[in-house]
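Inside the fold
Residue strings, one per chain:
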Amino acid sequence: MANHLDKKMSEGRKEEQRKLMFLGVSACFLLLLVVGAVVGSTYQGDDGGGDGDGSNLSTHAMRASSKSVTALCSSTDYPQTCEKSLSKAVPADTEDPKVLLKAAVSVVLDGVSKGFEHSRLLESNDSRVRGAVQDCQEMYEDAKGDINATLRSIIDHAVDKLPARSHDMRAWLSAVVTYQQTCIDGFPEGELKEKMKAAMKSARELTSNALAIIGQASSFLSLVNLPSRRLLADHHDPPLATSDGYPSWFSEDDRRMLKEHINRKPTPNVTVAKDGTGDFTTISEALAKMPKNYAGRYVIYIKAGVYEEQVNVTKNMADVTMYGDGSKNTIVTGSRNFIDGTRTFLTATFFAAGDRFVAMAMAFRNTAGPEKHQAVALRVVSDQSVFIDCRMEGFQDTLYAHAHRQFYRGCVISGTVDFVFGDAAAVFQNCLLVVRRPLPNQQNIVTAQGRVDRRETTGFVLQRCRFRADNRLVDASLPAIPSYLGRPWKEFSRTVIMESEIDGFVHQDGYMPWEGDFALSTLYYAEYNNMGPGAATAGRVKWPGVHVIAREEALRYTVENFLQGSSWIPASGAPVRLGLNS
């Protein structure tokens with residue numbers, strides 16, 4: 001008993017020390033923010049650099065930049081890497097806290113460039129390696145785009161406005177982490193993959209540090225309870241919502257207009273019709289003819305039909321809306337797969353990369369079958385993308401929610417092994433997850449979320465969804481196949497299932513390991529207020545990372561808190577509940 005009490009007292013002292021250290025670091029950086037906000041209006045240029053005539057207080061405070069760097073870096077997971085990089089990047093006489101933030105992100109760009117560049121040096125006659133190198137270069141361009149977007153956000157906003165931009169910046173940098181890991185994963189197991197992993201080590205640490213430092217900005221303001229606290233990524237309560245899912249501050253007219261938008265088809269810029277009655281006969285042709293630098297939302301109506309093509313909504317095709325004649329009538333289909341030699345993320349029948357992509361009333365299908373293993377129907381990296389009343393049909397790896405923020409409402413997603421996977425921050429609301437029959441030697445897993453760093457803002461949230469077995473899966477004349485809610489693809493895998501209905505075909509364990517004890521103590525799997533025979537939690541695995549959570553914790557994973565959804569989802573016309581249902 002005495003040993004137990006000593007241990008508890010020791011843990012209490014450590015916790016108190018941790019809080020004091022956090023408060024000390026917070027106070028230091030908060031001082032920089034406040035001072036910077038006061039004197040920032042006198043500065044000019046991208047960095048807000050001054051002409052040397054600021055107050056004695058600001059000059060004295062800001063010249064302690066080395067101490068500021070040490071304080072900031074103490075809260076990161078890689079403090080030595082942080083101090084080494086920032087000590088070179090931050091001028092000794094800096095007078096603007098924005099310089100610290102900009103430096104933290106700028107060193108990421110340098111580290112990422114060096115890491116990805118190393119892939120070019122990995123020569124091999126193996127076609128898989130050559131393909132991986134090619135993929136790395138694509139990931140590099142995507143990573144650069146997100147890093148530059150983060151830098152622009154720091155440059156373009158006053159110091160006191162940056163906390164409100166925190167979630168955007170962290171979402172972009174989380175995607176940079178994802179792209180680094182995607183590059184590594186593309187290499188076959190062996191020496192070259194280990195070399196690529198080692199080459200990317202510095203970039204990974206620098207990105208994690210930048211996520212930590214930017215994340216501090218929102219925490220600091222919460223300490224003093226400033227009004228902008230409502231905008232913080234992880235700390236504010238969700239706004240109240242009406243019974244129809246819209247925020248309570250929406251007027252009756254606002255709700256009426258949004259409902260009308262959902263119920264009517266938007267006026268298309270062009271129409272795609274397989275039978276020749278539209279402007280184009282293929283979706284790809286319609287995208288190819290899309291005007292460059294189009295201002296506003298570009299709407300493509302796709303008439304009923306089965307479109308056998310691989311569609312690519314590229315990064316420079318932002319603000320595209322596609323809608324069909326229903327998810328059972330307008331179908332985009334393909335059969336590319338890993339077994340036949342296509343790298344997993346290139347197997348996607350449909351790829352959405354342009355930001356703010358919206359799809360409504362259409363289906364994405366991969367017909368390769370379970371024997372072809374990885375075969376993606378839909379891959380998404382589009383930031384703030386929305387899918388309404390769509391179907392994603394496949395077997396293994398059906399939906400690759402690869403990166404950025406995504407919202408799925410009223411969708412039907414079917415598959416077998418890891419059929420919802422990736423490292424996006426994605427919320428699935430009122431969706432139907434249909435588990436199909438895999439190969440005889442396989443097991444079913446609905447989700448395989450791939451967060452690789454605890455600082456990332458990513459994860460899967462399934463709210464008010466239903467988990468149902470396909471008829472063939474529960475056919476009593478066939479051998480039983482165990483089915484699970486998830487398994488950890490990467491070390492910090494995060495999945496939250498709440499207010500959902502789980503049928504009895506789901507194994508009582510709930511989750512299965514990836515390999516051995518990998519990630520079992522670092523993952524975060526949580527369940528809240530679910531129902532159905534498969535929702536009983538008494539038999540769940542006893543891993544440290546598996547939780548049954550209370551309402552207060554569940555609030556963190558609502559559409560509003562996890563995705564800041566009120567700022568972008570209603571504009572898509574999607575019905576959405578920003579908070580909890582219960």
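Structure shown above.
Residues numbered from 1 in each chain as written. Predicted model: local features only at pLDDT ≥ 70, side-chain atom pairs only at ≥ 80, totals over all residues. Heavy atoms only, no water.

With that settled, the discussion passes to the nonpolar core. In this structure, Ile300, Met322, Phe350, Phe387, Tyr408, Phe428 and Leu433 are the most contacted members of the largest nonpolar core, which totals 62 residues. Those residues in contact with Phe387 that lie beyond four places of it in its chain are Phe357, Ala359, Phe364, Leu378, Val380, Met392, Phe407, Tyr408, Arg409 and Cys411. The next biggest cluster of nonpolar side chains, apart from the first, holds 58 residues, and it includes Ile154, Leu173, Cys183 and Ile184. (Core = buried A, V, L, I, M, F, W, Y, C linked by side-chain atoms within 4.5 Å. Buried < 20%, exposed > 50% of the residue type's maximum accessible area, 1.4 Å probe, protein only. Contact = heavy atoms within 4.5 Å.)

Here we come to the sheet that holds strand S20 (residues 459-463). Pairing between the strands of a sheet comes from backbone hydrogen bonds, and it takes one of two forms, parallel or antiparallel. If you trace the 11 strands from one edge of the open sheet to the other, you get S1-S2-S5-S8-S11-S14-S17-S20-S23-S25-S26, paired in parallel fashion. Of all the strands in the sheet, just strand S1 (270-272) and strand S26 (546-548) have a single pairing partner and so form its edges. Sheet twist, expressed as the average angle between the axes of neighbouring strands with direction ignored, equals 10°. With three bridges connecting them, strand S25 (residues 524-528) and S26 associate as parallel partners. Its bridge partner being in S26, Tyr525 is matched across the sheet by Val546. (Pairing = 2+ DSSP bridges. Helix = DSSP H or I, 4+ residues; strand = E, 2+ residues; numbered from the N terminus. Axes fitted to C-alpha atoms, helices over the stretch in contact; angles between N-to-C directions.)

This part is about the side chain of Ser327. As for its position among the elements, Ser327 is in the loop between strand S5 (320-323) and strand S6 (330-334). Judged by its relative accessible area of 16%, Ser327 is buried. Apart from residues lying up to four places away in sequence, Ser327 is in contact with Ala361, Met362, Ala363, Asp389, Cys390 and Arg391.

Counted at 1.5 Å a residue, the expected span for helix H6 (residues 127-156) with its 30 residues is 44 Å, and the 44 Å between its end C-alpha atoms agrees. N-cap assignment for H6: the residue whose side-chain oxygen lies 2.8 Å from the backbone N of Arg128 is Asp126. (Expected span 1.5 Å × (residues − 1). Polar contact = N/O pair within 3.5 Å; in protein donor to acceptor, adjacent residues only side chain to side chain.)

All right, on to the sheet that holds strand S12 (residues 391-393) then. The eight strands are arranged S3-S6-S9-S12-S15-S18-S21-S24 in an open sheet whose pairing can be described as parallel. Of all the strands in the sheet, just strand S3 (305-308) and strand S24 (501-502) have a single pairing partner and so form its edges. Examined bridge by bridge, S3 and S6 share four bridges and lie parallel to one another. What sits directly across from Tyr307, in S6, is Val332.

Burial runs high along strand S19 (residues 444-449): six of the six residues are buried. Note that strand S16 (residues 417-422) and S19 share four bridges and pair parallel. Of the residues in S19, the one forming a bridge with Val420 is Thr447. As defined by bridge partners, S19 adjoins strand S22 (residues 483-486) across three bridges and the pair is classed as parallel. Looking across to S22, one finds that Ile445 is bridged to Tyr484.

This brings us to the environment of Gln137. For Gln137, the position within the fold is in helix H6. Judged by its relative accessible area of 14%, Gln137 is buried. Spatially, the C-alpha atoms of Gln137 and Cys183 are 8.4 Å apart, while their sequence positions differ by 46 residues. In this structure, Gln137 is in contact with Phe116, Ser119 and Arg120, ignoring residues within four places of it in sequence.

Glancing now at the pattern of salt bridges. Under the defined criterion, the tally for this structure stands at 28 salt bridges. The partner of Arg365 in a salt bridge is Glu393, and the shortest N-O contact between them spans 2.7 Å. Taken as a pair, Arg365 in strand S9 (residues 363-366) and Glu393 in strand S12 lie far apart in primary sequence, 28 residues in all. A residue is classified by how much of its surface remains accessible, and Glu393, at 14% relative accessible area, is buried. Here Arg487 makes a salt bridge to Asp418, at a shortest N to O gap of 2.7 Å. Taken together, the positions of Arg487 in the loop between S22 and strand S23 (494-498) and Asp418 in strand S16 put the pair 69 residues apart, joining distant regions of the chain. (Salt bridge = Lys/Arg side-chain N within 4 Å of Asp/Glu carboxyl O.)

Looking now at helix H7 (residues 166-185). Compared with an ideal rise of 1.5 Å per residue, which puts 20 residues at 28 Å, H7 spans 29 Å between its outermost C-alpha atoms and is within 8% of the ideal. Counting buried residues in H7 gives 19 out of 20 residues, a clear majority hidden from the surface.

Attention shifts here to unusual backbone geometry. One non-glycine residue, Asp319, lies in the positive phi region at around 60°. Secondary-structure assignment places Asp319 in the loop between strand S4 (311-313) and S5. For Asp418, which is not glycine, the phi dihedral falls at a positive 50°. Since its relative accessible area comes to 5%, Asp418 is described here as buried.

The next point concerns the state of the cysteines. One pass over the structure, following the stated rule, counts two disulfides. Through a disulfide, Cys73 is tied to Cys82; the S-S separation comes to 2.0 Å. In this structure, the disulfide formed by Cys73 and Cys82 twists by about -70° around the S-S bond and is classed as left-handed. For the residue pair Cys73 and Cys82, the accessibility class agrees, reading buried in each case. There is a disulfide in this structure between Cys136 and Cys183, and the S-S distance comes to 1.9 Å. Of note, the bridge from Cys136 to Cys183 carries an S-S torsion of about 90° and is right-handed in sense. Highlighted residues: Cys136 in helix H6 and Cys183 in helix H7, separated in sequence by 47 residues. Summarising the burial analysis for this pair, Cys136 and Cys183 share the class buried. Ordering the disulfide-forming cysteines of the protein chain by sequence position, one finds them joined as 1-2, 3-4. (Disulfide = S-S within 2.5 Å.)

Under the criterion given, the structure shown has 15 aromatic pairs. On the basis of an interplanar angle of 40° and a centroid distance of 5.8 Å, the ring pair of Phe350 and Phe357 is categorised as tilted. Of the two residues, Phe350 and Phe357, both sit in the buried class. One aromatic cluster is present, formed by Phe350, Phe357, Phe364, Phe387, Tyr408, Phe428 and Phe460 through successive ring pairs. The side chain of Lys274 reaches across the aromatic face of Tyr307, ending 6.0 Å from its centre. Directly above the aromatic system of Phe351 lies the positively charged group of Arg379, at a separation of 3.7 Å from the ring centroid. (Phe/Tyr/Trp six-rings, centres within 6.5 Å; stacked < 30°, edge-to-face > 60°. Lys NZ or Arg CZ within 6 Å of the ring centre and 35° of its normal.)

Running from N to C, H7 and helix H8 (residues 191-199) cross one another at 160°; their axes reach a closest spacing of 9 Å. For the element pair H7 / H8, the angle class is roughly antiparallel. Note on packing geometry: the crossing formed by H7 with H8 is right-handed. Packed against H7, whose contacting residues are Cys183, Ile184 and Asp185, the element H8 presents Lys193, Met196 and Lys197 at the interface. In the contact of H7 with H8, the residues fall into three nonpolar, no polar and three charged. (Parallel < 35°, antiparallel > 145°, perpendicular 65-115°, else oblique. Left-handed = near helix turned anticlockwise from the far one by under 90°. Nonpolar A, V, L, I, M, F, W, Y, C, P; charged D, E, K, R; others polar.)

Any functional reading would require information beyond the geometric quantities listed.
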